[in-house]
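# Overview (structure and organization)
Read off the chains here:
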Amino acid sequence: MKVTQATAPGKIILFGEHAVVYGQPAIAAPVTQLRATAVIRDSSSGGVRLSAPDLSRDYWLQEVDDDDPFAGAVRVLLEAANLVNPPDLKISVRSDIPIASGLGSGAAMAAAVIRALAQHLHLANLNNNESISKLTYKVEKILHGTPSGIDNTVVVYEQPVYFVRQQPENHIETLAIKREMLFLIADCGIASSTKEVVADVRRQWLADKEHFDQIFDSCGRIAKAAKEAIRAGDEKQLGQLMNDNHKLLVQMSVSSEELDRLVLAANEAGALGAKMSGGGRGGNIITLVEKSREDIVRDSLRLAGAESVFTSLLTEKA
Ligand code: PMV
């Protein structure tokens, strides 16, 4: 019996959250330690069986509606391959990426399923990053309506992505990794609604456009400088830019006492820099650390209240 397995990582925003909504560039990066895994087995049971044990789900592909993202991932791949009558298969997924926490769990699950299927069915023309990313984007549409395209790109290429929201098409650029970089991601344990925080930033912007446009411009300059720092492998500069970006997020009032405490703890333990990440007022912080300081920064994040600490190790990639 043939078994095929593929995985995809989570994603996190490294620079430019909120400002990106106003046309400024942002950078997202993979979270290598948190992964979604898809396993495909040939079977003889009369159809395509989908199983997601983490979600206690087990069902037939033909049973579910169009809005089911797991079935959606299988369907977009079969459609792209013009496979009207697929062979009998058992497809299972599991994931260690927390759901609904801005870590790209939906995109990672879809990407893992699509990659595993393209491999299992020997679809050489679809088994490449460009096709897998495009198909993952289609699945993201089922979940999010008009996704930005950033999540699918990060989780498929496993590289940082520089992104600008613009018409007629968003600008998306993968960034080479010149030198290994180690990030720790700490969850403050408080859930928050990105949608509500985005709406609140809009209210503040409407009340004082001049001030907020200045903050957004500064975030944009930081993201541009960060792109160059990543390309140059300049960790010191990157860490400083993270600290600068965090200060601007504090000015937007999207940070919180808990997030600020984690950022401070990371820096006091000798991190190269730290900032909150994503929507804010809860969720995660991200910090860049030298390998020799990993354990001390991790301990200090835990002491400062982190509920969990994840690792992302980005290795050299052209
Ligand atoms: O927490 P996430 O990964 O969903 O990031 C939200 C990023 C924002 O800029 C705050 C919102 C957005 O849609 O870009």
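Quick notes on the rules
Note that residues are indexed from 1 along each chain, following the sequence as it is written. The predicted origin of the model limits local features to residues at a pLDDT of at least 70 and limits the giving and counting of side-chain atom pairs to 80 or more, whereas totals for whole chains, interfaces and linings rest on all residues. Just so you know, side-chain values use all the structure's heavy atoms and leave hydrogens and water out. Nearness of a residue to a molecule or strand requires only that one of the residue's heavy atoms be within 4 Å of it. Nitrogen and oxygen atoms within 3.5 Å of one another constitute a polar contact, given that in protein one can donate a hydrogen and the other can accept it, and given that sequence-neighbouring residues count only through two side-chain atoms. Every accessible area reported is derived by Shrake-Rupley at a probe size of 1.4 Å, with residue values counting cover from the shown protein chains alone. Each helix is a run of DSSP H or I of at least 4 residues and each strand a run of E of at least 2, with the numbering of both proceeding from the N terminus. Note on exposure labels: buried denotes an accessible area under 20% of the residue type's maximum, exposed denotes more than 50%, and partly exposed covers the range between, all computed with a 1.4 Å probe on protein chains only. In this description, strands pair whenever DSSP reports at least two bridges between them. Take the residue count of a helix, subtract one, and multiply by 1.5 Å to get its expected span. Whether two residues touch is decided by their heavy atoms; if any such pair falls within 4.5 Å, the residues are in contact. Residues enter a patch when their relative accessible area is above 30% and they make no salt bridge; the linking distance is 9 Å between like charges and 5 Å between nonpolar side chains (Val, Leu, Ile, Met, Phe, Trp, Tyr). Salt bridges are defined by distance alone: a side-chain nitrogen of Lys or Arg within 4 Å of a carboxyl oxygen of Asp or Glu. Positive charges come from Lys and Arg, negative ones from Asp and Glu, while His and the chain ends are left out of the count. Where a charge lies is defined by one atom per residue type: Lys uses NZ, Arg uses CZ, Asp uses CG and Glu uses CD. Only centres within 6.5 Å qualify two rings of Phe, Tyr or Trp (six-membered ring in Trp) as a pair; their planes then separate them into stacked at under 30 degrees, edge-to-face at over 60, and tilted for everything else. Fitted lines through C-alpha atoms serve as axes, helices being fitted only where they are in contact, and the angles separating the N-to-C directions of these axes extend from 0 to 180 degrees.

## With respect to the site of the ligand
- Surrounding the ligand, one finds K11, I13, E17, H18, V20, V21, G102, R165, T194, V198, G278 and G279.
- Within the backbone of H18, one N or O atom sits 2.8 Å away from an oxygen atom of the ligand.
- Contacts to the ligand include G279, whose backbone N or O atom sits 3.3 Å from an oxygen atom.
- If the ligand stood free it would expose 380 Å²; the protein chains cover 76% of that surface.
- Those elements that place two or more of their residues in the shell around the ligand are strand 1 (3-15) and helix 5 (194-207).

## Thoughts on the pairing of strand 3 (residues 48-52)
- Taking burial as the measure, the 5 residues of strand 3 include 4 buried ones, the bulk of the element.
- Both strand 3 and strand 5 (residues 89-95) contribute to a ladder of 4 bridges, which runs parallel. From the neighbouring strand, V48 faces strand 5, where its bridge partner is L89.
- In the sheet, strand 3 pairs with strand 4 (residues 57-60) via 4 bridges, with the strands oriented antiparallel. The partner of S51 across the bridge, within strand 4, is D58.
- Taken together, strand 3 and the strand that follows it, strand 4, pair antiparallel across an intervening segment of 4 residues, in which S56 is found at a positive phi of about 50 degrees.

## Digging into helix 3 (residues 129-144)
- Under the 1.5 Å per step criterion, the end-to-end length of helix 3 is 21 Å for 16 residues, consistent within 8% with the ideal 22 Å.
- For helix 3, the set of buried residues is S131, I132, S133, L135, T136, V139 and E140.
- The elements touched by buried residues of helix 3 are helix 1 (69-80), helix 2 (105-120) and helix 4 (150-157).
- One or two positions beyond helix 3, positive phi appears at G145, with a value near 80 degrees.

## Quick look at the environment of N129
- Examined against the element boundaries, N129 turns out to sit in helix 3.
- N129 sits 28 residues away from Y157 along the chain, and the two C-alpha atoms are 6.3 Å apart.
- Reaching out from N129, the side chain makes a polar contact with the side chain of R115 at a distance of 2.9 Å.

## Looking at a negative patch on the surface
- A grouping of D208, E210, D213 and D217 is seen on the molecular surface, where their side chains present a negatively charged patch.
- Here D213 is to be found in helix 6 (residues 209-232).

## Describing the packing of aromatic side chains
- In the structure shown here, the tally under the stated rule is 4 aromatic pairs.
- Between Y22 and F216 the ring centres are 4.3 Å apart and the planes differ by 15 degrees, which places this aromatic pair in the stacked class. Linking Y22 in the loop between strand 1 and strand 2 (26-42) with F216 in helix 6, this pair joins segments that are 194 residues apart in sequence.
- The exposure class of F216 is buried, given its relative accessible area of 1%.

## Here we look at the environment of A38
- Here A38 shows up in strand 2.
- On the basis of relative accessibility, which here comes to 0%, the residue A38 falls in the buried class.
- Spatially, the C-alpha atom of A38 lies 14 Å from that of T136, the residues being 98 residues apart in sequence.
- The residues touching A38, leaving out its near neighbours within four places in the chain, are T4, Q5, A6, S92, V93, A112, V113 and A116.

## Points about the sheet that holds strand 10 (residues 284-289)
- Taken in spatial order, the 4 strands of this open sheet run 9-10-8-11, and their pairing is antiparallel. The open sheet has two edge strands, strand 9 (273-277) and strand 11 (308-314), and neither has a second partner. Along the sheet, successive strands turn relative to each other by an average axial angle of 25 degrees, direction set aside.

## Things to note about the pattern of salt bridges
- All told, the structure shown has 15 salt bridges when counted by the stated rule.
- For the salt bridge of E228 with R231, the shortest nitrogen-to-oxygen distance reads 3.7 Å. Of the two residues, E228 and R231 both sit in helix 6, 3 residues apart, roughly one turn of that helix.
- Using a relative accessible area of 43% as the deciding quantity, one classes E228 as partly exposed.

Fair warning: the whole summary comes from geometry, so function is off the table for now.
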